[in-house]
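If you want the building blocks of each chain, they are given just below.
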Amino acid sequence: YWTLHDMWAFTGGCHHSGDCLNFQVACGNCQEFLKNPAKNDLSHQVWKEKVQAFQQPNLHIITCSDWLKERAASSSILKNQTIESIPNAINIELFKPAKKEDAKKSLGLDPEKKHILFVAMRVNAPKKGFIYLEQALKALDKSTHELIVVGNAQELPELHLNAHHLGHISSTEKMIQIYQAADVYVTPSLEENLPNTIMEALACGTPCVGFNIGGIPEMIEHQVNGYVAQYQSSEDLTAGLMWTLANAPDSAARNKAATSYSEEIIAAKHVNYYAHVG
């Protein structure tokens, strides 16, 4: 049994192929990651080795999202393997809601303002899409909205909203408190499978906004527990933030986590899968 968290297992080496669909036939001539792409380049050589190595009759694949399952099933390497989609699990007794006013006060935030949360290991990594959020924030009232940023960044660009840059957070308890304080969590990422940050935010009762990419639409039920914005559209990201802040109840976010990602539910899915594939 092999649980996949990205596309590496069925490509010539990349973890996310973007718009490239070569993995469906044969990798090679890799324009995105190789300096000297060619028909028989490194990506093609790695692809050939994987074709041979992964044709095992007892290989069973689990993906963390339906999106990744569909990609794996369409790949030339894994198309003949058994593939099942089972999401990651989260401890909903640890990641849980609390009074937002209390959480805001504990973090030194103004409880009278709405707080938008952005989290990334490297805030300025291009694929995390912070530039789209930067544009989206310009339409929000800076007297009533503020931004919370978690992650490594030498400095933030000058933003329309007042931003609280909390840096890298290593404490789980502190991170939970941040989720609890936020009124909305936003992920403008350009590549994602099934983001743990969305799952954690939902479990803490915080509605989410993200682009229509990867497994994000499986987690955010559009205009229920958040908003799925048009890909790379800052304007729709703004619309999503405004709709979610005005309409998405915290209970809808928590319910999604509890009914889809609790450890009990995910464990049962694994047991059922193992029982059926032997």
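To be clear, the structure that these remarks concern was listed above.
Let me sum up the structure you'll find in this document. Since the structure is predicted, the reported quantities are computational estimates derived from the model, not experimental observations.

About the criteria used
- Residues numbered from 1 in each chain as written.
- Predicted model: local features only at pLDDT ≥ 70, side-chain atom pairs only at ≥ 80, totals over all residues.
- Heavy atoms only, no water.
- Helix = DSSP H or I, 4+ residues; strand = E, 2+ residues; numbered from the N terminus.
- Rg over C-alpha atoms; globule rule 2.2 N^0.38 Å.
- Buried < 20%, exposed > 50% of the residue type's maximum accessible area, 1.4 Å probe, protein only.
- Contact = heavy atoms within 4.5 Å.
- Phe/Tyr/Trp six-rings, centres within 6.5 Å; stacked < 30°, edge-to-face > 60°.
- Lys NZ or Arg CZ within 6 Å of the ring centre and 35° of its normal.
- Pairing = 2+ DSSP bridges.
- Right-handed = clockwise from strand over helix to strand, strands pointing away.
- Polar contact = N/O pair within 3.5 Å; in protein donor to acceptor, adjacent residues only side chain to side chain.
- Axes fitted to C-alpha atoms, helices over the stretch in contact; angles between N-to-C directions.

### Describing the overall build of the protein chain
- Assigned secondary structure in the protein chain consists of 10 helices and 9 strands.
- Relative to its length of 278 residues, the protein chain is compact, with a C-alpha radius of gyration of 20 Å against a globular reference of 19 Å.
- For the C-alpha atoms alone, the extent of the protein chain along its principal axes is close to 60 × 45 × 30 Å.
- For the protein chain, buried positions account for 50% of its 278 residues.
- When contacts within the protein chain are restricted to residue pairs at least 6 apart in sequence, those whose partners lie at least 24 apart make up 60%.

### Thoughts on the environment of Y179
- Its place among the elements puts Y179 in helix α5 (residues 172–181).
- The class for Y179 is buried, based on a relative accessible area of 1%.
- For the pair Y179 and S262, spaced 83 residues apart in the sequence, the C-alpha separation amounts to 17 Å.

### Considerations on the packing of aromatic side chains
- In this structure the tally under the stated criterion is 9 aromatic pairs.
- Ring centres 4.6 Å apart and planes at 55° place the aromatic pair Y1 and Y274 in the tilted group. Of this pair, Y1 sits in the segment before β1 (2–4) while Y274 sits in helix α10 (residues 263–277), placing them 273 residues apart in sequence.
- In this structure Y1 comes out as partly exposed when scored by relative accessible area, which is 48%.
- In this structure an aromatic cluster arises from ring pairing among Y1, Y273 and Y274.
- Just above the ring of W8 sits the side chain of K50; from NZ or CZ to the centre is 3.5 Å.

### Details of the pairing of strand β3 (residues 82–85)
- Judged by which residues are buried, β3 turns out to be one-sided: I83 and S85 face inward and are buried, whereas T82 and E84, on the alternate face, are not.
- Pairing of strand β2 (residues 60–63) with β3, which is carried by 4 bridges, proceeds in the parallel orientation. Within the sheet, the bridge partner assigned to I61 lies in β3 and is I83.
- Remark: the β2/helix α2 (residues 66–73)/β3 crossover connection has right-handed handedness.

### Concerning the environment of T11
- Following the sequence through the fold, T11 ends up in the loop between β1 and α1 (42–53).
- A residue is classified by how much of its surface remains accessible, and T11, at 0% relative accessible area, is buried.
- Between the C-alpha atom of T11 and that of G28, which follows or precedes it by 17 residues, the distance is 9.7 Å.
- Once you skip the residues sitting within four places of it in the chain, T11 turns out to touch F23, C27, V46, K50 and I77.
- Among the polar contacts listed, one links the side chain of T11 to the backbone oxygen of C14, at a separation of 2.7 Å.

### Side note on the sheet that holds β3
- With parallel pairing, the 3 strands of this open sheet are ordered in space as β1-β2-β3. The open sheet terminates on both sides in strands that have one partner only, identified here as β1 and β3. The mean inter-strand angle of the sheet, taken between neighbouring strand axes irrespective of direction, is 25°.
- Pairing of β1 with β2 involves 3 bridges; the strand directions are parallel. Along β2, the bridge assignment pairs W2 with I61.
- Its contacts with the sheet place α2 against β1, β2 and β3, and it is angled at close to 165° to β3.

### Considerations on the sheet that holds strand β7 (residues 184–187)
- Pairing in this open sheet of 6 strands is parallel, and the strands run β6-β5-β4-β7-β8-β9 from one edge to the other. Both edges of this open sheet fall to β6 (162–167) and β9 (226–229), since each of them pairs with a single strand only. Each strand axis lies, on average, 20° off the axis of its neighbour in the sheet, ignoring direction.
- Of the strand pairs in this sheet, β7 and strand β8 (residues 208–211) are connected by 3 bridges, and their pairing is parallel. Directly across from Y185, in β8, lies its bridge partner C208.
- The strands touched by helix α6 (residues 196–203) within the sheet are β4 (114–122), β7 and β8, with β7 carrying the most contacts at an inclination of about 170°.
- Lying on the sheet, helix α8 (residues 234–247) is in contact with β4, β5 (145–152), β7, β8 and β9; it crosses β9 at an angle near 170°.

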